[in-house]
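Listed here are the chains, written in short residue letters.
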Amino acid sequence: AKAIADAEEAKAKAEAKALALKQEAEEKEERERREALESRRLAELQQQEKELLEVRSVPLRAYLMQHVIPTLTEGLIEVCKLKPEDPIDHLAEWLFKNNPVDDDHFE
């Protein structure tokens, strides 16, 4: 009778251990599935943010290309030619002197 009870107890322990291992495996699988889903959501969100930023930056780029870059490029070329001791100050002075916008615009 003791041998049967010991066998049944061992069987119950083995079943409990198998059940615990199965539950652990299922939990791990569910956790990995959720992590993969979250990773995909994050990637989609980052892509949407990137696209939105690109769309919103178009008017700014157009403005810079039309109004800033041409004059700034000329000033930078001038700085490269002259290689002044203080290039930032020289560029600032050059931009003031060669401002294509009327002075009346700032009043």
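What comes next concerns the included structure.

## Observations concerning a negative patch on the surface
Thought 1: Together, E24, E26, E27, E29, E32 and E35 give the surface a local cluster of negative charge.
Thought 2: Relative to the elements of secondary structure, E32 occurs in helix α1 (residues 2-82).

## Details of the pattern of salt bridges
Thought 1: The full count for this structure, using the stated rule, is four salt bridges.
Thought 2: Residue K2 is joined to D6 by a salt bridge in which the shortest nitrogen-to-oxygen separation is 3.5 Å. Here D6 and K2 lie together in helix α1, a separation of four residues that amounts to about one turn.
Thought 3: Look at K2 and you get exposed, because its relative accessible area is 62%.
Thought 4: Judged by relative accessible area, which is 38%, D6 ranks as partly exposed.
Thought 5: The salt bridge involving R34 is made with E30; its shortest N-O contact spans 3.5 Å. Placement of both R34 and E30 in helix α1 is noted, with a separation of four residues, approximately one turn of the helix.
Thought 6: Through salt bridges with shared partners, one network takes in E30, R33 and R34.

Rules and cut-offs
Residues numbered from 1 in each chain as written. Predicted model: local features only at pLDDT ≥ 70, side-chain atom pairs only at ≥ 80, totals over all residues. Heavy atoms only, no water. Patch = residues over 30% accessible without salt bridge, like charges linked within 9 Å, V, L, I, M, F, W, Y side chains within 5 Å. Areas by Shrake-Rupley, 256 points an atom, 1.4 Å probe, with all protein chains shown as cover. Salt bridge = Lys/Arg side-chain N within 4 Å of Asp/Glu carboxyl O. Lys, Arg positive; Asp, Glu negative; His and termini not counted. Charge placed at Lys NZ, Arg CZ, Asp CG, Glu CD. Helix = DSSP H or I, 4+ residues; strand = E, 2+ residues; numbered from the N terminus. Buried < 20%, exposed > 50% of the residue type's maximum accessible area, 1.4 Å probe, protein only.

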